[in-house]
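# Close look at the chain arrangement
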Amino acid sequence: MKRKALSIFVLLLALAAFMPAGILAQDMVELELWYHGGTQEENDETRAQVDRFNAMQDAIQVNFVELAGSLVAGTGYNDAVNAAAVAGDLPCILDLDGPNLYNYAWAGFLAPLDDYMSDDLRADILPSLIDQGLYNGKIYAMGQYDSGLALVGRVSLLEEAGLRIPTSIDDAWTLDEFNDVLASLQALDSVEYAIDLKMNYGAGEWYTYAFSPVVQGFGGDLIDGETLSGEGLLNGPEAVAAMEWIKSLFDNGYATLTPPDDNEFINGNAAMGFLGHWMATGYYEAFGDDMIVLPVVNFGARQATGMGSWAWSITTQCDNPDAAWTFMEFMLTPEEILSITNVNAAVPGRLSALAMSELFGEGGRMNIFVQQLESGIAIPRPITPGYPAVTSAFFTAMDNIIKGGDIQAELDAAVDKIAQDVADNDGYPVQG
Amino acid sequence: MRRSTGFHGHERTYAWLMSAPALIGLFLFVALPLFGGLYWSFTNKRLISPLPTKYVGLQNYQNLLGLRIIRLEPEIDPATGQARIDAEGKTIYPRTRTIVRGNPAYQGYREWFTSDVFGGRYVVIARDPTFLRSLVNTFVFVLVIVPGQGGLALLMALLVNQRLRGRYVFRTIYFSPVVTSMAVLAIVWTFLYNPDQGLINRFLSAVTFGNFQPDWLVSADSALLAIIILSAWQAAGFQMIIFLAGLQGIPQSLYEAAQIDGGNTWQQFRHVTIPQLRNTTIFVIISTTILAFRLFTQVDVMTKGGPQDATVTVVFHAVDTGFRQQKIGYGSAVTVLFFILVVTIALMQRALMKSDIEVE
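Just so you know, these numbers come straight off a predicted model, no measurement behind them.

## Topic: the overall build of chain B
- Of regular secondary structure, chain B possesses 14 helices and three strands.
- A globule of 360 residues ought to have a C-alpha radius of gyration of about 21 Å, yet chain B, at 27 Å, is considerably larger.
- Overall size of chain B, expressed as C-alpha extent along the three principal axes, is 85 × 70 × 40 Å.
- Here chain B, with 360 residues, has 31% of them falling under the buried criterion.
- Taking as baseline every contact in chain B between residues at least 6 positions apart, the subset at least 24 positions apart corresponds to 61%.

## Observations concerning the overall build of chain A
- A count of helical and extended segments in chain A gives 18 helices and twelve strands.
- Seen along its three principal axes, the alpha-carbon backbone of chain A occupies a region of about 85 × 50 × 40 Å.
- Split into buried and exposed, the 432 residues of chain A put 52% on the buried side.

## Brief notes about the interface of chain B and chain A
- At the junction of the two partners, chain B supplies 29 residues and chain A supplies 34 residues.
- Classifying every residue of the side of chain B that touches chain A gives twelve nonpolar, ten polar and seven charged.

## As for unusual backbone geometry
All names here are of chain A.
- Residue Ala-345 is not a glycine yet carries a positive backbone phi of 60°.
- The topology assignment puts Ala-345 in the loop between helix 14 (334-344) and strand 12 (347-348).
- Here Ala-345 falls in the buried class, since 27 other C-beta atoms lie within 10 Å of it.

## Examining the nonpolar core
- Grouped together as the largest cluster of nonpolar side chains are 195 residues, with contacts concentrated most on Ala-150, Val-152, Ile-195 and Ala-324 of chain A.
- Of all the elements, helix 8 (residues 223-248) of chain B adds the most residues to this core, at 14 residues.
- Not counting residues up to four positions away in its chain, the partners in contact with Ile-195 of chain A are Leu-182, Tyr-254, Ala-255, Ala-270, Ala-271, Met-272, Gly-273 and Phe-274 of chain A.

## Quick word on the domain arrangement of chain B
- Taken domain by domain, chain B comprises domain 1 (67-126) and domain 2 (130-354).
- Domain 1 of chain B and domain 2 of chain B are separated by 40 Å when their C-alpha centres are compared.

## Concerning the environment of Tyr-193 of chain A
All names here are of chain A.
- With respect to the helices and strands, the residue Tyr-193 is situated in strand 8 (residues 193-196).
- Looking at Tyr-193, the number of C-beta atoms within 10 Å reads 22, which means it is buried.
- Taking the C-alpha atoms as reference points, Tyr-193 and Gly-230, separated by 37 residues in sequence, lie 34 Å from one another.
- Once you skip the residues sitting within four places of it in the chain, Tyr-193 turns out to touch Gln-186, Gly-253, Tyr-254, Ala-255, Thr-256, Asn-269 and Ala-270.

## Some thoughts on helix 16 (residues 367-374) of chain A
Residues and elements named next belong to chain A.
- Considered for burial, the residues of helix 16 that qualify are Ile-368, Phe-369, Val-370, Gln-372 and Leu-373.
- Residues of helix 16 that are buried sit in contact with helix 7 (127-133), strand 6 (145-146), strand 7 (149-154), strand 10 (291-294), strand 12 and helix 15 (351-356).
- Just downstream of helix 16, Gly-376 is the residue with a positive phi angle, here 85°.

## Describing the pairing of strand 10 of chain A
All names here are of chain A.
- With burial as the criterion, each face of strand 10 is covered, one bearing Met-291 and Val-293 and the other bearing Ile-292 and Leu-294.
- For strand 7 and strand 10, the ladder comprises four bridges, and the chain directions are antiparallel. Residue pairing in the sheet places Arg-154 in a bridge with Met-291 of strand 10.

About the thresholds
Residues numbered from 1 in each chain as written. Chains lettered and ligands numbered in written order. Predicted model: local features only at pLDDT ≥ 70, side-chain atom pairs only at ≥ 80, totals over all residues. Helix = DSSP H or I, 4+ residues; strand = E, 2+ residues; numbered from the N terminus. Rg over C-alpha atoms; globule rule 2.2 N^0.38 Å. Buried ≥ 20, exposed ≤ 12 C-beta atoms within 10 Å, placed from the backbone. Contact = placed C-beta atoms within 7 Å. Nonpolar A, V, L, I, M, F, W, Y, C, P; charged D, E, K, R; others polar. Core = buried A, V, L, I, M, F, W, Y, C linked by C-beta atoms within 7 Å. Domains from an automatic or database assignment. Pairing = 2+ DSSP bridges.

Here's what the structure looks like:
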């Protein structure tokens, strides 16, 4: 027995030797934070924000852990978070991409933020961010910014082709007009093709984020919010028409399935871009005031675009949720919100920050993004714990369709896969 | 042959001590997950879910292997009582999905493929067409890659076994893909395979005057072939080294004897080199087969199993269903079937090739 006691003592000593000094110092609370790898500038700025927080007070030390994603930001990150959730190894503070939130909230991995948020704060938050963070009546995540999805063009090329240039969401191009725009731009000698659809991101969340609004614009949808079924919505005639139109862009040569990288618009190969806010800064740097953000096309049934972005949440595996909220409160100050949105061109998540922003305020060159969010054109991706199955079914179907699959059969298969997932989960019953 | 039990006293302690790292590793990372997977394959365990895990018996296996063939009856025109035909004179059939959903016995089935044979239209429906497709793809991959990659490796080994200047340089070049990360190679090859701007199609376009430019990864017809070419190129260097060792183990006297008998180069290769490489070849075939069944990384990085399931493999499907779609129980069932499959094939290969193993 004595030997056993000795060996345990030695083991403890060895463990202590490897412990960071901070844990031994009693007065400092240490929190771990996981961050997905975004663009380099975004990563640097987020890291700088954490450093600023650590420097301004002594009680809380936030340890910034950036988990490198895979080729497409976020893919590998979600796998890592899933694994950690199962292993009971989640950090205190987690950043999650919008629609993945509901699955974690349903499973009980996230702490509700309602009690922490003051009425003043809540009233100042961009409404779309509240919508996106809500599951089952409670807020589980709060982002510093929301995303924007729109068209981008060059004034010089649009004028050369003699096209009308929309200036607000109210005079967005209609479908017929847009088809004409694509044909006219395609005819220009200075560009190779009309529009860069960012297909280099591959079959994944980008397809759902960017192209499910097209399906909605044609009158279809992914699933019904109540029944969680896609029957008649995702495989109905409207969705089929939307997919036919998307496929026609590639068949007509207006867009390419295989852009070599992210720079087709910047290097002048493509006349326009269909983009998320995260490319807008680089585009502006390339073209200056010649670059213009244009509202999404009005496809007929309704005007629709994507929304939802990465947001912060506190996990139920966190020992010091109060300290974690102190950090989040800091991140949600208008100053910190602007410091990150000035870098990544995302829409600032607070009305007071928006008012202070040159980029996004009235007349700012990114103002279209704000108009789309505030007018209800932007639609959150389906709010269901089954979202991983919904998005996977959709982007797989779309990938197959644009590469030659039968449209109706692929959409039917997507609907069936979603239904199977709902059945496998007993209809995703709301938990206590 | 009773020597292995002949350890005594501290010898026995050392034997266990020395093998402990390997045994602990095998137990933790092979045996334990294997039994865990077997157990979970009879449950509906989810990765992230507040719902309790339930025992579901063989349900997962039934879902994986569920397969039926149905014959579609043409739509009958009520006015004439004849089968309706469209403008091009083709018989009109009802949508498979309508039939499947209308019959409770077909609940949970989806169309895999349709075929017009024996004067009728037959539809193969399956509960998980992707899994069945992954079996087909994996077998195609193995059947092509084992002879293809083995042949390429032997060819390279013969080349770098010549007494040429700089043969060490070539050995290094041929071996270098083996030691490079597959994820990196897959990304580089994705660029090479780019239909419009990739190096491969630029080259093909130049030599065929633009007449031959496959879509490679973008088309369901060529995606698996593209993966096969990359895989063979990447891994052949490893088998080359093994063949090279085999070649260098062949006694020079056999070639000298063959030369005295008047054998030309081809006859020497056919009647000396090939028989002498028998054991090497057996090793290469078995190891390549097992490695080939594990195809995953290239698919995950380059195609995600698409387009239209053209490149989905069993291992990819296991990861995709078990981890990304969060159905651990179901993914476990995939891996159990995969385990049975690989063990069966390895045992069959051993039985077939074991006879006449001594070559002198």
